[in-house]
Amino acid sequence: MHRPSKTDIIPDAVQTPTRILLVDDDRRFCRLLQEYLHPMGFEVDLAHSGGDGLGLLAQGAYQAVILDVMMPGMDGIAVLGCIRRTTDVPVLMLTALGDETDRIVGLEMGADDYVPKTFSTRELLARLRAVLRRHKAAACRCAPKVDAQTLCAGALCLKPASRTARLGGVDLKLTALEFDLLVALVKSAGRVLSRDQLLNAVAGRNCEVFDRSVDVHISSLRKKLGDDPRAPVFIKTVRSVGYMFQHSGDLER
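Okay, so let's go over this structure. Everything numeric here is computed off the predicted structure, so don't read it as measured data.

The number of helices and strands found in the protein chain is 9 helices and 13 strands. Looking at the protein chain residue by residue over its 253 residues, the buried ones come to 42%. When contacts within the protein chain are restricted to residue pairs at least 6 apart in sequence, long-range pairs at least 24 apart make up 61% of them. Per element, the accessible surface of the protein chain, about 13,700 Å² overall, is 51% carbon and sulfur.

Here it is as structure tokens:
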């Protein structure tokens, strides 16, 4: 593993670290890669089993995952399947075998790229930056469109001026608090909002018990959106953190 060069390091990345998760049972390899990526502007959390990796992913907001295929117990393909049921976070797969079948299966299940473990660190860095750029570009294309009168995310349209909400052309009967919560979530689509941040977004509302009932209002809002909390299309719960409106450029009802 070569030392970072000036061509590797991007000054802006150093100022704003990109948080990624590395899941691999080879502890020495993990430490070396963590040390290599740190000066390039990456904050790398480590997990040494598939289960531990999924646990960390459920607790934190990661911008990418580097995932080894060959792990004892729960292998990388199984972990990838679990990841893709809950998030579209970019996943870069590592394999020691370079087997074409493994690569095809992983890519068909939603891996963003595949790198054999014979890679050079500079190749890994280039591929990691590439999947992050592609994901960011896709998120921008799918982000809610905002103008002075309408806030839209796919089939969901909100009009703050008239305080109306429509989903697939059907009016939604929302309370004032539900409407404000939904506006706050849609404006921050793809970013987790804590309960405190949601409280601040509706701070002008006179509701003495609201700070103790954010979850209740979110639950009611989900029902009106037809959202299943176990497989949400719109509002995702990020355990121990808060809620996130998921990016979507083509929501259908």
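Further remarks concern the sheet that holds strand 5 (residues 113–116). Pairing is parallel in the open sheet, where 5 strands are placed in the order 2-1-3-4-5. Of all strands in the sheet, those bounded by a partner on one side alone are strand 2 (42–47) and strand 5. Pairs of neighbouring strands in the sheet enclose a mean axial angle of 20 degrees, with direction left out of account. Relative to strand 5, strand 4 (residues 91–95) runs parallel, the two sharing 4 bridges. Directly across from threonine 95, in strand 5, lies its bridge partner proline 116.

This part covers the packing of aromatic side chains. The final tally for this structure, using the stated rule, is 2 aromatic pairs. Both rings, one in phenylalanine 29 and one in phenylalanine 119, keep their centres 6.1 Å apart while their planes meet at 70 degrees; by these two values the pair is edge-to-face. Of this pair, phenylalanine 29 sits in helix 2 (residues 27–37) while phenylalanine 119 sits in the loop between strand 5 and helix 6 (121–142); the two residues are 90 residues apart in sequence, bridging distant segments of the chain. No difference in accessibility class separates phenylalanine 29 from phenylalanine 119, as the two residues are buried. Geometry around tyrosine 62 places arginine 19 over its ring, the cationic atom sitting 4.3 Å from the centre. Lying over the aromatic face of phenylalanine 29, lysine 117 brings its terminal NZ or CZ to 4.7 Å of the ring centre.

Bringing helix 3 (residues 50–59) into the picture now. Along helix 3, the positions that sit buried rather than exposed are Gly50, Gly53 and Leu57. Along helix 3, the residues classed as buried sweep out an arc of 60 degrees about the axis, all on the same side.

A separate point is the sheet that holds strand 11 (residues 193–194). What the 3 strands build is an open sheet, ordered 11-13-12; its pairing is antiparallel. Edge positions in the sheet fall to strand 11 and strand 12 (235–238), since each has one partner strand and no second. Across 4 bridges, strand 12 lies against strand 13 (residues 242–245) in antiparallel orientation. What sits directly across from isoleucine 235, in strand 13, is phenylalanine 245. Sheet strands touched by helix 7 (residues 176–187): strand 11, strand 12 and strand 13. Its angle to strand 13, the strand with the most contacts, is close to 70 degrees. This element, helix 9 (residues 214–225), spans strand 12 and strand 13 of the sheet and lies at about 150 degrees to strand 12.

Thresholds, definitions, all that
Residues numbered from 1 in each chain as written. Predicted model: local features only at pLDDT ≥ 70, side-chain atom pairs only at ≥ 80, totals over all residues. Heavy atoms only, no water. Helix = DSSP H or I, 4+ residues; strand = E, 2+ residues; numbered from the N terminus. Buried < 20%, exposed > 50% of the residue type's maximum accessible area, 1.4 Å probe, protein only. Contact = heavy atoms within 4.5 Å. Areas by Shrake-Rupley, 256 points an atom, 1.4 Å probe, with all protein chains shown as cover. Pairing = 2+ DSSP bridges. Axes fitted to C-alpha atoms, helices over the stretch in contact; angles between N-to-C directions. Phe/Tyr/Trp six-rings, centres within 6.5 Å; stacked < 30°, edge-to-face > 60°. Lys NZ or Arg CZ within 6 Å of the ring centre and 35° of its normal. Arc of directions from axis to C-beta.

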